[in-house]
Amino acid sequence: MNITDKDLQKIIGAVLKYGVLTVLTIGIFGGLIYLFGHQQDMVHYSVFKENDQNFFQVVKSIFVGVSHFDGRSIIYLAVLILFCTPFLRLLLSLFSFILEKDKLYILITCIVLAIIVMSVTLGFSH
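We now turn to the structure provided with this report. (Residues numbered from 1 in each chain as written. Predicted model: local features only at pLDDT ≥ 70, side-chain atom pairs only at ≥ 80, totals over all residues. Heavy atoms only, no water.)

1. Details of the side chain of Ser73
Cut-off, in case you're wondering: Only DSSP runs of H or I reaching four residues or more are called helices, and only runs of E reaching two or more are called strands; each is numbered from the N terminus. Per-residue accessibility, obtained with a 1.4 Å probe over protein chains only, is compared with the maximum for each type, and a residue is labelled buried under 20%, exposed over 50%, and partly exposed between these values. Contacts between residues were defined by any pair of non-hydrogen atoms, one from each residue, lying within 4.5 Å.
By the secondary structure assignment, Ser73 is in helix 3 (residues 71-100). For Ser73, a relative accessible area of 8% corresponds to the buried category. Leaving out residues up to four positions away in the same chain, Ser73 has contacts with Ser61, Ile62, Gly65 and Val66.

Now the structure itself:
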């Protein structure tokens, strides 16, 4: 089975389209759970608490919260999927450039992926 560039472009388009639809569905579901569980809460905008955890602790707490049907965690899961959607698109594009043997775009895509991975894992993102 030969995968052509046109096939990869269709896959990339589907990833973006269904990724956004998935995020929208999960976000609305989490938002409804959160609103029904916190409809009487008062918000104090004068108090700001910074969450100073690394990325892996945050992801772990999101999945623990999702397993308990915590609305806020489900919303954060949607944001996490929203972040992963273009990242997956970059990986698929890299695969496409490798198939085309386009060295310049392979290099550029690898640099972009390295910057994203370093900023997320080393904490440069905040």
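2. Points about helix 4 (residues 103-122)
Stated precisely, the cut-off is as follows: Helix span, as expected, comes to 1.5 Å for every residue beyond the first. To be clear, the arc concerns the directions from the helix axis to the C-beta atoms.
The end-to-end C-alpha separation of helix 4 is 28 Å, in line with the 28 Å expected for 20 residues at 1.5 Å each. Among all positions of helix 4, only Thr109, Leu113, Ser119 and Val120 are buried. The buried residues of helix 4 all sit within an arc of 135° when viewed along its axis, so they share a single face. More than 90 degrees from the buried face of helix 4, the exposed residues found are Lys103, Leu104, Ile115 and Leu122. Where helix 4 is buried, its residues meet helix 2 (55-67) and helix 3.

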